[in-house]
Amino acid sequence: MIPRIGIIGGGFAGIMTAVNLIKKTTTPLELYIIGERSNFARGTAYESYLDKHILNVTTGKMSAFPDQPSHFLDWVMSRPSFRDLPKDIVSSSFLSRNLYGDYLCELWQESIKIAEEKEINVVELVDTVIKLTNTEDGIELSFLNSPSIKVDKCVVATGNQIPKNPSIPNLPFFKSPNYFQNPWKKECVGDVNSSRPILIIGNGLTMVDTILGLQDHKFKGEIYSISPNGFNILPHRHTGLTYQAHLEEIHNKMSLKELTSVIHKHVKIVRQFGVSAEPIIDALRPHTQRIWRNLTVVEKQFFMSRLRHLFGVARHRIPLHIYDKIQKLRIDGLLHIQSGKIIDITETDRGIDVTYFDKKQRKTQFLKVSRVINCTGPETDFSKLENNFLGQCIHDGIFYQDELKLGIQTNVENFKVKSKDGMEHSNLFTLGSNLKGELWESTAVNELRQQANAIADIILAEENFIDGSNK
Ligand SMILES: Cc1cc2nc3c(=O)[nH]c(=O)nc-3n(C[C@H](O)[C@H](O)[C@H](O)COP(=O)(O)OP(=O)(O)OC[C@H]3O[C@@H](n4cnc5c(N)ncnc54)[C@H](O)[C@@H]3O)c2cc1C
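Residues numbered from 1 in each chain as written. Predicted model: local features only at pLDDT ≥ 70, side-chain atom pairs only at ≥ 80, totals over all residues. Heavy atoms only, no water.

## What about the overall build of the chain?
Stated precisely, the cut-off is as follows: In this text, helices come from DSSP runs of H or I with a minimum length of four residues, and strands from runs of E with a minimum of two, each type numbered from the N-terminal end. The atom set for the radius of gyration is the C-alpha atoms, and the globule formula is 2.2 Å times the number of residues raised to the power 0.38. For each residue, the accessible area found with a 1.4 Å probe, counting protein chains only, is set against the maximum for its type, and the residue is called buried under 20%, exposed over 50%, and partly exposed in between. Throughout, a contact is declared for two residues whenever any of their heavy atoms are within 4.5 Å. Note that accessible areas follow from Shrake-Rupley with a 1.4 Å probe, and for residues the cover is restricted to the protein chains shown. Charge counting treats Lys and Arg as positive and Asp and Glu as negative, with His and both chain ends excluded. One atom stands in for each charge, and that atom is NZ of Lys, CZ of Arg, CG of Asp or CD of Glu.
Helix and strand content of the chain: 13 helices and 17 strands. The C-alpha radius of gyration computed for the chain amounts to 23 Å, which stays within 12% of the reference 23 Å derived for 471 residues, consistent with globular compactness. Reported as C-alpha extents along the three principal axes, the dimensions of the chain are approximately 70 × 55 × 50 Å. Scored against the burial criterion, the 471 residues of the chain give a buried share of 53%. By sequence separation, contacts in the chain at least 24 residues apart represent 68% of the contacts at least 6 residues apart. Per element, the accessible surface of the chain, about 22,700 Å² overall, is 52% carbon and sulfur. A gap of 8 Å separates the mean positions of the 56 positive and 54 negative side-chain charges of the chain.

## Describing the pattern of salt bridges
What counts here: What makes a salt bridge here is a side-chain nitrogen of Lys or Arg within 4 Å of a carboxyl oxygen of Asp or Glu, nothing more.
Within the structure shown, the criterion is met by 22 salt bridges. Among the ionic pairs, Arg37 bridges to Glu47, the shortest N-O distance being 3.2 Å. Note that Arg37 is positioned in the loop between β2 (30–35) and α2 (71–77) and Glu47 in the loop between β2 and α2, a separation of 10 residues in sequence. The class of Glu47 is partly exposed, set by a relative accessible area of 31%. Note that Arg285 and Glu447 form a salt bridge whose closest N and O atoms lie 2.6 Å from each other. Of this pair, Arg285 sits in the loop between α7 (278–284) and α8 (288–294) while Glu447 sits in helix α13 (residues 445–466), and the two are 162 residues apart along the sequence. For Arg285, a relative accessible area of 22% translates into the label partly exposed.

## With respect to the sheet that holds strand β17 (residues 424–430)
Quick reminder of the rule: Strand pairing follows a simple DSSP-based rule, namely that at least 2 bridges must link the two strands.
Pairing in this open sheet of 7 strands is mixed, and the strands run β3-β2-β1-β7-β17-β16-β15 from one edge to the other. The sheet terminates laterally at β3 (121–126) and β15 (410–411), the two strands that pair on one side only. In this structure, strand β1 (residues 4–8) lies alongside β2, joined through 5 bridges in parallel fashion. Across the sheet, residue Ile5 finds its bridge partner in β2, namely Leu31.

## Description of the state of the cysteines
By definition, a disulfide is the covalent link that joins the sulfur atoms of two cysteine residues. Worth spelling out the cut-off: Cysteine sulfur atoms that come within 2.5 Å of each other are treated as a disulfide pair.
One pass over the structure, following the stated rule, counts 0 disulfides. Among the cysteines around Cys188, which has no disulfide bond, Cys375 carries the closest sulfur, lying 6.7 Å off.

## Quick look at the packing of aromatic side chains
Rules: Pairing of aromatic rings covers Phe, Tyr and Trp, the last counted by its six-membered ring, and requires centre-to-centre distances within 6.5 Å; plane angles under 30 degrees mean stacked, over 60 mean edge-to-face, and any other angle means tilted.
Inspection of every chain in the model, using the stated rule, returns 13 aromatic pairs. When the centroid spacing of 6.0 Å and the interplanar angle of 20° are considered together, the rings of Phe72 and Trp75 count as stacked. Pair noted here: Phe72 and Trp75 are both in helix α2, with a separation of 3 residues, about one helical turn. By the burial criterion, Phe72 is buried, and Trp75 matches it. Taken together through their ring pairs, the aromatic side chains of Tyr46, Phe72, Trp75, Tyr100 and Tyr103 make up a single cluster.

## Some thoughts on the domain arrangement of the chain
Here is the rule: Each domain's extent is set by a domain assignment, obtained either automatically or from a database. When two parts are brought into contact, each loses some accessible area as probed by a 1.4 Å sphere; the total of that loss over both is the buried area.
Taken as a whole, the chain is organised into domain 1 (4–54 + 96–161 + 380–470), domain 2 (171–234 + 318–374) and domain 3 (245–315). Computed over C-alpha atoms, the centres of domain 1 and domain 3 are 31 Å apart. Opposite the 15 residues of domain 1 that make contact, domain 3 presents 13 residues. The junction of domain 1 with domain 3 conceals about 1,200 Å² of combined surface from both sides, 59% of it contributed by carbon and sulfur atoms. Considering only the surface of domain 1 that becomes buried against domain 3, Leu404, Trp440 and Glu441 emerge as the three largest contributors, covering 52% of it. There are 4 salt bridges connecting domain 1 and domain 3.

## Observations regarding the pairing of strand β9 (residues 198–201)
Going by this rule: By definition, the crossover connecting two strands over a helix is right-handed if that path, from the first strand to the second, turns clockwise as seen with the strands pointing away from the viewer.
The two faces of β9 match: Ile198 and Ile200 on one face and Leu199 and Ile201 on the other face are all buried. Alignment of β9 against strand β14 (residues 371–374), held across 4 bridges, turns out to be parallel. Considered in β14, the bridge of Ile198 is made with Arg371. As paired elements, β9 and strand β10 (residues 223–227) share 4 bridges and run parallel to each other. Of the residues in β10, the one forming a bridge with Ile198 is Ile223. In this view, the connection linking β9 to its parallel neighbour β10 by way of helix α5 (residues 205–216) has right-handed handedness.

## Some words on the environment of His287
Among the secondary structure elements, His287 is positioned in the loop between α7 and α8. Along the chain, His287 and Ser261 lie 26 residues apart, while their C-alpha atoms are 17 Å from each other.

## Things to note about the nonpolar core
The line we're drawing: Throughout this description, the term nonpolar core refers to a set of buried Ala, Val, Leu, Ile, Met, Phe, Trp, Tyr and Cys residues connected via side-chain atoms within 4.5 Å.
By size, the foremost hydrophobic cluster in this structure holds 53 residues, and its most contacted members are Phe12, Leu21, Ala64, Tyr100, Leu104 and Trp108. Going through the elements one at a time, β1, α1 (12–24), β2, α2, α4 (97–117) and α13 are the ones with two or more residues in this core. With near-sequence residues (within four places) excluded, Tyr100 lies in contact with Phe12, Tyr46, Leu55, Met62, Ser63, Ala64, Phe72 and Val445. One finds Val267, Val275, Trp292 and Trp440 within the second-largest nonpolar core, a separate group that totals 27 residues.

Right under this line is the structure:
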């Protein structure tokens, strides 16, 4: 029997799992790649409504393959518009996310050709998986529109979910055409009227993308951004500077308190030389998954409530030229970044009334805006999302959330999803954002390319083992 493998999700994680399976298999396979839309390979991140939306990682670090670090850079340099540019500058530049989407699409098309040569049947299915049933003779996937299918193994690569709605009493507001829960859709910046301000909830990288989108649509009015901490987004400063002295003091048995005190000590040291915390946080990147896994649940909860935002500001930065644009808007009085909590939002014929508690001024404030765009980041508590496949799997007792409700309980050594009693589903794998609770850092290409590669190896090793004829 030819093994049937289903991959739910046609974004980076799903497609790169398929690319690796196709590349490495020595025997025929049947591969079903399932995506909600036909934009296979691009996913949410690499199909943007604006070419000015750029990667937040430099070109030299965006290879799709862990063992070929310059794969993306070489692909870029082979294109006519880059060929004559200095490679080191291109390597440290932040290119368009759409260009990265082109790279992934090309990779995917090449893989489909290789699949044909290797007698691998690739089926691209555009539909939404609504239910997963683990039966004795395989996994049954049910769809919104198409007839269900059965596969022997399934990889859940569902990626980033949309943000959850803010908690306000006036729930009917969320049905308003002037409320945009999904900030990655073009509609949220289109058809704007500059005479009244716009409210963006959240002030991270998606806020920046949304502002660029609004400007591109000639929005000239005021923008308010409200988030719990109101931290200012930082630019990439200290480019090329590395600092590693703190790593020598960090070990596995450390408590979160000890860890933060080591980091504080080193931040103080570098500050004397005019350097801020970012190189210290950057150096932790290869170690953050291990550090996270060694923390207790209480420490993880403390990190989420007290340190996550500080960590995020140091970690998720924007290129200097984009930062300058954001700063100019602030100086011109067109962008107001507030620290606060939304109390309620109501809409009348005269516009949208927002009531919020201003943390700095310690009082309730009011705003009148024409639209509200939710940029609070992907929701990780899937049980809170309506009509959501992962939420359904949790409800059906197939998936279990981790203690912090950041993702799905999984054995991260082999990427097998855990069942109720901590045992593993032998035929069900997941990767990417679904592993946030297990690994914390599990959303960027840096982690996803390794996970996709490893899952392909594990699946193929098991298939060869199960079916002797496959050897
Ligand atoms: C706006 C944005 C910009 C980013 N920029 C960068 C960057 O510059 N560098 C970097 O390293 N990382 C970046 N990231 C992180 C990003 O998460 C990863 O790089 C990567 O794109 C994630 O891929 P994925 O396949 O896990 O998720 P996604 O790209 O979200 O793909 C998941 C796919 O699964 C589909 N799906 C979900 N549920 C179902 C279902 N029930 N049935 C069928 N299909 C389903 C979705 O429609 C989607 O197409 C960015 C993320 C975002 C959101």
